[in-house]
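Below are the chains, spelled out letter by letter.
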Amino acid sequence: MKKIFSLFLAICLIILQTGFIYDNYVSAENVQLRNEPDHKEPKKEIGLQKLFSNNTDSSLTLWYTQPARQWMLQALPIGNGNVGAMVFGTVKKEHLQFNEKSLWSGRPQAVTNPLYQPRMDKVKKLLASGSIPEADSLLKEAGGFPREHFGAFQPFGDLYMEFDHGDEATDYRRDLNLSKALASVNYRINGVSYRREYFASFPDQVVVMRITADQPGKINMHVTMTTRQAQGKLIVSNGLKLIVKGTMTENKLQYSSHVKINPDGGTTSTTATGIEIKKANSVVLLLTAKTNYAMNWPGCLGDFDPDQVASNYIEKASKKTYEQLLNAHLKDYDNLFNRVQLKLDRHDDRRSLPTDQALIAYTKSNEQKMQDGGDPTLEALLFNYGRYLMIASSRKGSLPANLQGIWNNSKTPAWDSDYHTDINLEMNYWINGPTNLPECFSPFTDYVDFLRGPGRKTAKDYFNANGFFVNIYTNPWGYAEPRWSWTGASGWLCQNLYDHFLFSGDQDYLRNKAYPIMKEACSLYLDLLVPYKDKSLVIAPSVSPEINFRFSDNKTYRTSAGAAIDQQIVYDLFVNTIEAARILKTDPSLINTLTDRLKRLSAPVKIGNNGMLQEWVEDWQAEDLQHRHISHLYALYPGRMIDPIKTPEWTKAAMNSLTLRGDNQTGWGTTWRIACYARLGEAEKAHTFFKSIIRHCIDTSIVYRNGGGAYDNLLTCHSPFQIDGNFGYSAAVAEMLLQSHVGNWQQGYEIHLLPALPKAWPNGMVKGLMARGGLTVDVEWKAGKLVKAMISSELEKTTKVTYKGKTIEIKISKGKPLSLDAELKKLNS
Ligand code: FUC
């Protein structure tokens with residue numbers, strides 16, 4: 001007790017000492033295509049379709065009355081974090097296109113540009129004295145940045161199952177059940193009902209497929225596998241196995257995929273290209289894939305045989321029955337997915353529509369500005385889908401979800417399907433904390449940890465600095481060169497790491513994983529801070545990602561000192577690292593250094609003459625006023641500095657900045673805006689953006705403006721498909737229903753119930769969301785008003801709860817959930 005009291009006193013003292021730094025900040029209290037050929041469509045749509053549309057939950061099922069025609073638009077994704085597949089559901093010739101997340105071309109970068117480092121000190125000084133054109137010339141003299149062998153995420157292969165039963169199907173239905181992570185294809189031909197089921201098992205590391213018919217001996221099929229990797233060879237074995245393996249020439253990456261076919265009844269034979277099955281009752285197929293990639297820089301190749309690993313997975317799984325495999329999968333998946341539920345209950349005729357039709361109806365009614373433009377069921381489905389996609393593409397022991405998660409059918413995908421770090425990778429992982437998927441976060445942490453190796457080299461080579469520098473885009477080979485921008489992402493990545501701790505409360509994680517990385521990122525920024533004209537500290541060189549400013553010579557430049565986002569990132573990182581060091585009771589001298597720099601830091605949030613948040617150290621104008629990036633709003637979201645109650649002036653300025661930046665954006669540009677408006681408490685404005693993200697999209701080319709939307713399969717488009725829109729959407733919806741950014745670890749975070757509930761969701765229920773501090777929150781509302789909130793914790797906690805302007809303090813005991821009504825009165829003890 002005495003110890004706790006002295007710790008409390010010490011904290012108060014430090015807060016008092018450094019008070020002026022923190023006063024202005026909320027978080028400071030923290031001291032806290034290739035086009036597929038068109039397939040024949042089944043003729044009639046009756047029977048099964050009707051049956052299923054009535055007995056499944058439309059906010060948990062994607063369903064269609066036709067097979068997929070194009071990979072990007074209609075195929076349905078399944079995945080186990082390592083292997084991803086897209087299911088087409090074609091009647092005559094089923095197609096599963098599959099990926100293994102680490103199958104990448106390219107190789108580790110060996111070359112840097114030595115001409116930058118000798119001039120970096122001078123560049124920093126010029127930038128800090130406002131001599132932008134001079135610094136720009138000096139940088140240009142050093143030439144470009146090498147980008148050799150960057151590579152791209154590669155498609156692994158295609159599994160085809162050709163059925164000898166004709167192609168005139170009726171009663172066709174293809175679906176993806178999100179509560180089971182199970183895809184199925186159902187149809188009738190010649191009086192026989194066929195069903196195919198597909199799931200990707202994390203526990204068994206295989207994709208499982210089962211083909212059944214309602215009459216014995218009706219399955220006649222030929223199975224074959226192809227790869228688009230030049231060195232890949234197909235081996236057909238009498239042991240009912242298909243193997244594709246090879247080694248990439250440029251990087252020596254070995255890859256292997258095994259398919260095992262287990263028929264029940266009938267006869268089998270091998271052909272030159274595959275395996276023929278005749279008159280079987282049912283057939284189970286298992287598929288796995290593996291490479292010898294390892295997240296260890298600079299080699300990035302592991303000392304194991306991927307073919308052996310793949311073979312072991314298949315042999316082990318072959319010993320289990322289909323039911324055993326399915327049960328293991330359901331047990332694993334159910335625990336993750338079904339701990340969160342969102343129900344937006346409103347009578348809606350569109351409930352009975354197939355998903356693509358519901359999407360088209362949503363789009364049309366919005367275009368025609370019909371009063372009843374919304375569809376809460378579809379809006380909830382997209383929320384649930386984001387969580388499904390996270391579980392399918394990000395599990396322990398593999399790389400994080402890339403720009404397309406784990407799915408890709410092109411050898412040259414857009415932006416190499418890489419890891420962009422000036423919004424995209426970070427946005428991918430906003431979903432984990434609030435929507436309770438901490439288990440899927442470890443690939444992100446492992447990857448940031450891995451980037452420290454190449455990042456240290458870049459910090460030394462270019463800046464002669466300590467710490468690690470991560471550039472705007474990276475890959476599994478650890479690419480960390482500055483490339484075309486001086487945008488540094490180490491600090492932003494650390495924001496996700498620390499938020500993961502705040503939501504999970506996992507102190508072992510903080511001590512052993514996040515804190516060492518945060519500390520190292522601090523070393524970089526400490527070395528990059530220089531005194532500006534007014535002696536305040538600014539980061540140099542510094543960039544507001546992907547956008548230029550107009551300087552006094554009327555020319556545009558990208559690089560300056562102290563761009564708002566960098567200042568905000570440094571502020572956030574230093575405050576979080578101080579808080580983490582205190583929690584871990586370590587590094588007092590680092591706490592002092594960071595506290596000192598925070599005092600001298602040029603304000604991370606400034607309001608310009610036009611009443612907007614300044615994007616740069618000076619009140620320069622953006623070259624593109626409606627740019628999709630809103631980096632200077634980092635302080636609002638994902639940062640925790642701006643809040644309508646605590647910082648009303650900044651809130652107004654943030655609102656002005658968002659308004660000017662405009663509404664017509666890409667997928668992630670839209671979801672970032674939804675999250676920002678949610679933080680501002682602007683429920684209707686946030687909901688307005690749903691019409692941009694739930695907008696029927698058929699474009700597969702790269703667009704930068706007036707893009708966004710979702711394909712028939714509800715994968716969001718930039719365009720093309722980019723998964724950050726899906727993940728960002730779910731995170732933003734959670735932000736509309738629950739917020740917890742105000743407060744600090746010691747005193748607890750304020751739980752704000754239904755902070756941005758739009759009129760379109762009059763009745764609803766959300767269960768299992770997380771608030772910072774490790775609290776689980778369920779909320780129920782009717783006619784737009786809170787009915788009941790239930791808060792539980794694994795630890796004893798005191799926290800504040802806010803609803804409609806009223807705030808109370810509550811104490812929660814371990815394992816004893818506490819329920820509150822609309823007046824925030826306790827409903828039980
Ligand atoms: C950034 C964005 C683009 C796109 C790309 C993958 O460069 O500006 O819009 O999302 O990442």
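Caption draft 1: Highlighting the overall build of the protein chain. Per the secondary structure count, the protein chain includes 21 helices and 34 strands. Computed over C-alpha atoms, the radius of gyration of the protein chain comes to 27 Å, within 12% of the 28 Å expected from 2.2 N^0.38 for 829 residues, which places it in the range of a compact globule. Taking the principal axes of the C-alpha coordinates as reference, the protein chain spans close to 80 × 65 × 60 Å. Buried residues in the protein chain amount to 63% of all 829 residues. By element, 50% of the accessible surface of the protein chain is carried by carbon and sulfur atoms, the whole surface being about 29500 Å². One way to put it: in the protein chain the 95 positive side-chain charges average out to a point 3 Å from where the 86 negative ones average out.

Caption draft 2: Structural detail: the site of the ligand. Neighbouring the ligand are the residues Leu403, Trp415, His420, Asn424, Glu546, Arg628, His629, Trp668, His718 and Gln722. Within the side chain of Glu546, an N or O atom sits 2.5 Å from an oxygen atom of the ligand. Between an oxygen atom of the ligand and a side-chain N or O atom of Gln722, the distance comes to 2.9 Å. When its residues are assigned to classes, the shell around the ligand shows 3 nonpolar, 5 polar and 2 charged.

Caption draft 3: Main features of helix α21 (residues 724-737). For α21, with 14 residues, the first-to-last C-alpha span of 20 Å sits near the 20 Å given by 1.5 Å per residue. Counting buried positions over the 14 residues of α21 gives 14, a clear majority of the element.

Caption draft 4: Looking closely at the side chain of Asp566. Inspection of the secondary structure puts Asp566 in helix α15 (residues 564-583). Despite its burial, Asp566 remains without a salt bridge, the nearest opposite charge being carried by Arg558 at 12 Å. Within the local environment of Asp566, its side chain forms a polar contact with the side chain of Ser542, the two groups lying 2.7 Å apart. Those residues in contact with Asp566 that sit more than four places away from it in its chain are Gly488, Ile539, Pro541, Ser542 and Val543.

Caption draft 5: Molecular detail of the sheet that holds strand β1 (residues 61-64). Reading across from one edge, β1-β6-β7-β8-β9-β16-β13-β12-β11 is the order of the 9 strands in this open sheet, with antiparallel pairing throughout. Here the strands that pair on one side only, and so sit at the sheet edges, are β1 and β11 (233-237). Strand-to-strand twist across the sheet, computed as the mean angle between neighbouring axes with direction ignored, equals 15°. In terms of strand pairing, β11 meets strand β12 (residues 241-247) through 5 bridges, oriented antiparallel. In the strand pairing of β12, Ile235 is matched with Ile243.

Caption draft 6: Main features of the packing of helix α14 (residues 507-528) against helix α16 (residues 588-600). Their axes nearest at 12 Å, the elements α14 and α16 cross at an angle of 45°. On the basis of the axis angle, α14 is oblique to α16. Crossing of α14 against α16: the hand is left-handed. Of the residues in α16, those touching α14 at Tyr515, Lys519, Cys522 and Leu526 are Leu590, Thr593, Leu594 and Arg597. Residues that form the contact of α14 with α16 fall into these classes: 5 nonpolar, 1 polar and 2 charged.

Caption draft 7: Looking closely at the packing of helix α12 (residues 442-463) against helix α13 (residues 490-504). At a minimum axis distance of 11 Å, the contact between α12 and α13 shows a crossing angle of 145°. Helix-helix and strand crossings are classified by hand; for α12 and α13 the assignment is left-handed. Residue-level inspection shows Phe444, Thr445, Val448 and Leu451 of α12 in contact with α13, the latter providing Leu493, Asn496 and Leu497. Tallied by class, the residues present in the contact of α12 with α13 amount to 5 nonpolar, 2 polar and no charged.

Caption draft 8: Seen up close, the environment of Lys825. By secondary structure assignment, the location of Lys825 is in the segment after β34 (818-820). Apart from the residues lying within four places of it in its own chain, the contact partners of Lys825 are Ser819 and Leu820.

Caption draft 9: Just unusual backbone geometry, in detail. The amide bond that connects Ala540 to the next residue, Pro541, takes the cis arrangement and shows omega of -5°. Mapped onto the elements, Pro541 comes out in the loop between β21 (537-539) and β22 (549-550). Note the cis peptide between Tyr637 and Pro638, where omega equals 15°. In this structure, Lys252 takes a positive phi of about 65° despite not being glycine. Take Lys252: it is sitting in the loop between β12 and β13 (254-264).

Caption draft 10: Representation of the packing of aromatic side chains within the structure. By the definition in use, this model includes 39 aromatic pairs. Aromatic pair Tyr333 and Phe337: ring centres 5.4 Å apart, planes at 10°, arrangement stacked. In this pair, Tyr333 and Phe337 are both assigned in helix α8 (residues 322-337), 4 residues apart and thus about one turn of the helix distant. No difference in accessibility class separates Tyr333 from Phe337, as the two residues are buried. When the ring of Phe551 is compared with that of Tyr557, the centres are 5.9 Å apart and the planes differ by 90°; the resulting orientation is edge-to-face. For the pair Phe551 and Tyr557, a shared accessibility class is recorded, and that class is buried.

Caption draft 11: Local environment of the pattern of salt bridges. Scanning all chains against the criterion turns up 31 salt bridges. As a salt-bridge pair, Arg147 and Asp416 come within 2.8 Å of each other at their nearest N and O atoms. In this pair, Arg147 sits in the loop between α6 (132-141) and β5 (157-163) while Asp416 sits in the loop between α10 (376-393) and β18 (419-420), placing the two residues 269 residues apart along the sequence. Residue class for Asp416 comes out buried when judged on its relative accessible area of 18%. Two residues, Lys245 and Asp307, come together in a salt bridge whose shortest N-O distance is 3.0 Å. Here Lys245, found in strand β12, pairs with Asp307, found in helix α7 (residues 306-318); they are 62 residues apart in sequence, far enough to count as distant. Classification of Lys245 as partly exposed rests on a relative accessible area of 33%.

Conventions used here
- Each chain has its residues counted from 1, running along the sequence as written.
- With pLDDT at 70 or above as the cut-off, local features in this predicted model cover only qualifying residues; side-chain atom pairs require 80 or more to be listed or tallied, and sums for whole chains, interfaces and linings still use all residues.
- Side-chain numbers here rest on the full set of heavy atoms in the structure, without hydrogens or water.
- Counting from the N terminus, the helices are the DSSP runs of H or I reaching at least four residues and the strands are the DSSP runs of E reaching at least two.
- It is over C-alpha atoms that the radius of gyration is taken, and the globule rule equals 2.2 Å times the number of residues to the power 0.38.
- The buried label goes to any residue with under 20% of its type's maximum accessible area, the exposed label to any with over 50%, and the partly exposed label to all in between, with areas taken from a 1.4 Å probe on protein chains only.
- Where accessible areas are quoted, they stem from the Shrake-Rupley method and a 1.4 Å probe; at the residue level, only the protein chains shown are allowed to cover.
- Lys and Arg are tallied as positive, Asp and Glu as negative. Neither His nor the chain termini are counted.
- All charge positions are set by atom: Lys at NZ, Arg at CZ, Asp at CG, Glu at CD.
- We call a residue near a molecule or strand when any one of its heavy atoms sits within 4 Å of it.
- Identification of polar contacts relies on pairs of N or O atoms within 3.5 Å, with a donor-acceptor requirement for protein atoms, meaning one able to donate a hydrogen and the other able to accept it, and with residues adjacent in sequence counted only if both atoms are side-chain atoms.
- Polar here means any residue other than Ala, Val, Leu, Ile, Met, Phe, Trp, Tyr, Cys and Pro, which are nonpolar, and Asp, Glu, Lys and Arg, which are charged; Gly is therefore polar.
- A helix is expected to span 1.5 Å multiplied by its residue count minus one.
- Whenever a carboxyl oxygen of Asp or Glu lies within 4 Å of a side-chain nitrogen of Lys or Arg, that contact is scored as a salt bridge.
- Any pair of residues with heavy atoms lying within 4.5 Å of one another is described as a contacting pair.
- Two strands make a pair as long as DSSP finds a minimum of two bridges between them.
- Comment: axis = line fitted to C-alpha atoms, over the contacting stretch for helices; angle = value between 0 and 180 degrees taken between N-to-C directions.
- Roughly parallel means an angle under 35 degrees; roughly antiparallel means over 145; roughly perpendicular covers 65 to 115; every other angle is labelled oblique.
- Left-handed is the label given to a crossing in which the near helix is rotated counterclockwise from the far helix by less than a right angle, and right-handed is the label when the rotation is clockwise.
- Pairing of aromatic rings covers Phe, Tyr and Trp, the last through its six-membered ring, and needs centres within 6.5 Å; plane angles under 30 degrees mean stacked, over 60 mean edge-to-face, and all others mean tilted.

The analysis is restricted to geometry; functional conclusions fall outside its scope.
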